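# Structural overview
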Amino acid sequence: QEGREMASWTSVAASAAVLLASCSQTDAFVTPAAFAGRASPASSVSSRASSRATPLSVYMDAALILQNKGGGHGEIGFHIAKQLKDKGLDVTLIQDSAAKMDKNPFKAYGDLGVEVVQCDLANQEEAKSKVAGKTFTHVFDNFAKDVGTCTLGEVAKNMWGVKSYVYVSSGGMYDAGCPQPMKEDGKTKATGQRAVEEHLDALDLPWTSFRPQYIYGPKTNKRDYLDWFIDRIVRDRACPLPGDGSQMASVTNCEDVAAMMTAVVGQEAKAAKQVFNCGTDSLVSYSAICAMVAKVAGKELKTLNYDPSQFDLPKGSFPFRNTEFAVSADKAKDVLGWSAKNTLEADLPWYYQQYIDAGLDKKDLKFDADDMIMAGK
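Worth saying up front: this structure is predicted, and the values here are computed from it rather than measured.

## Structural notes on the pattern of salt bridges
A pair can form between side chains of opposite charge whenever their charged atoms are brought close. Enumeration over the complete set of coordinates arrives at 15 salt bridges. Between Glu197 and Arg211 there is a salt bridge; the shortest N-O distance is 2.8 Å. Residue Glu197 is located in helix α7 (residues 192-202), and its partner Arg211 is located in strand β6 (residues 207-212); the two are separated by 14 residues in the primary sequence. For the pair shown, Glu197 and Arg211 are each scored as buried.

Shown next, in the form of structure tokens:
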């Protein structure tokens, strides 16, 4: 009996050695399909493989993140990478080379402990070269803005056979006439992001699309949404609000945005070919944002309501839309079991402190549109 057991373990060890030797350093990832035909004991070596610097995807899921150069979605990739690593996935992040790497969140990538590669993500051949010899079980595409920039969709389908292709779309595609808060079946406009959603479906990928709205976070590189209010309140100026200021907005912490997207892991079948609005379940009104900022800053609340149809104001005069434009996150809560962990009211103290620490309260600003509104009242 003892001899038979020894022979069995010798065979196991030999099979494992053959498997590992067949994987070159440049082919650090192997597909489950390639592994399936081997008579090798995955369970006997999985614990050792998990400690390798570059684990084989036969032992763990491997995720690829495609991250844009910045803007409203600029921080999402950082949090997706962090959360996926915490979930036990092997993570590679390809950062578009147009990003300013000395700025947040990009300069903090070293804290993540994941592989980070830079390239021109709009260049399909260059993007393909960065993943040559590798395969992934999950793709998180936070780059494509139209079909032409969805450079690795066909690779994900035809070469990797991914479990999930998560696309970071946009809540801005909804028609302004949709009932509020907007649901996923609301009427949409023809946009580049909507075309990407249709393209992924035509490829028959197990895609999931998330449509974020207004995002803030600890490493954001687009502070416009909330800074608009702080800029005025710290300078003892009134905040001009379109209408009566009761319009609701979906202003969401980026960690919650990423958490909704990474909730797909382990629930791929539920999420496949689904669209989810990506925003907080705690909507806030324009007036409420003013009041919360004034409280945190220790300033007197001053607001001024106006009729936007009576003024020819330049773009960007107000950070949100004149009319209510907010998404409902009910579907993500019901299907994915997601819930927001953060609220704007709880986050404003640290967000405001970042503003002060950056010296933005001392910055020389012009308020021409505000002055125009005040002159017309």
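That shown, we press on.
## So, the layout of surface pockets
Space left empty within the atom packing is revealed by a probe, the size of a water molecule, rolled over the atoms. Considering only enclosed or pocket space, the largest pocket measures out at about 640 Å³ in volume. Lining the largest pocket are 27 residues, and of these Lys315, Gly316, Ser317, Phe318 and Pro319 lie nearest its centre. Residue contributions to the lining of the largest pocket peak at six residues, all from helix α8 (residues 224-233). Class assignment of the residues belonging to the lining of the largest pocket gives a composition of 13 nonpolar, three polar and 11 charged.

## Some words on the environment of Asp120
With respect to the helices, strands and loops of the structure, Asp120 is situated in the loop between β3 (115-119) and α5 (124-130). Under the relative-accessibility criterion, Asp120 is labelled partly exposed at 30%. Each C-alpha atom, one on Asp120 and one on Asn68, is 9.8 Å from the other, the two residues being 52 residues apart in sequence. Not counting the four nearest positions on each side in its chain, Asp120 is found in contact with Asp96, Ser97 and Glu126.

## Description of the confidence of the model for the protein chain
The predicted model of the protein chain averages 88 in pLDDT, with 84% of residues at 70 or higher. Ignoring residues within four places in sequence, the model shows residues 1-58, a span with pLDDT below 50, making 48 contacts including any to other chains.

## Thoughts on the side chain of Asp256
Here Asp256 shows up in helix α9 (residues 254-262). Buried and unpaired, Asp256 has Lys341 as its nearest opposite-charge partner, separated by 7.2 Å. Polar contacts involving the side chain of Asp256 include one to the side chain of Asn342, which spans 3.1 Å.

## Considerations on the sheet that holds β3
Ordered in space as β3-β2-β1-β4-β5-β6-β11, the seven strands form an open sheet in which the pairing is parallel. Of all strands in the sheet, those with a lone pairing partner are β3 and β11 (274-278), marking the two edges. In this sheet, neighbouring strand axes are inclined to one another by 15° on average, regardless of whether the strands run parallel or antiparallel. Where helix α4 (residues 76-86) meets the sheet, its contacts fall on β1 (62-67), β2 (90-96), β4 (138-142) and β5 (164-168), and the angle it forms with β1 comes to roughly 170°. Across the face of the sheet, α9 comes into contact with β4, β5, β6 and β11 while running at roughly 165° to β11.

Reading the values: rules and limits
- Residues numbered from 1 in each chain as written.
- Predicted model: local features only at pLDDT ≥ 70, side-chain atom pairs only at ≥ 80, totals over all residues.
- Heavy atoms only, no water.
- Salt bridge = Lys/Arg side-chain N within 4 Å of Asp/Glu carboxyl O.
- Helix = DSSP H or I, 4+ residues; strand = E, 2+ residues; numbered from the N terminus.
- Buried < 20%, exposed > 50% of the residue type's maximum accessible area, 1.4 Å probe, protein only.
- 1 Å grid on protein atoms, 1.4 Å probe; cavity = no way out; pocket = protein on both sides within 12 Å on 5 of 7 lines; lining within 4 Å.
- Points joined across faces, edges and corners; volume = space filled by probe spheres on them.
- Nonpolar A, V, L, I, M, F, W, Y, C, P; charged D, E, K, R; others polar.
- Contact = heavy atoms within 4.5 Å.
- pLDDT = per-residue confidence, 0-100.
- Lys, Arg positive; Asp, Glu negative; His and termini not counted.
- Polar contact = N/O pair within 3.5 Å; in protein donor to acceptor, adjacent residues only side chain to side chain.
- Pairing = 2+ DSSP bridges.
- Axes fitted to C-alpha atoms, helices over the stretch in contact; angles between N-to-C directions.

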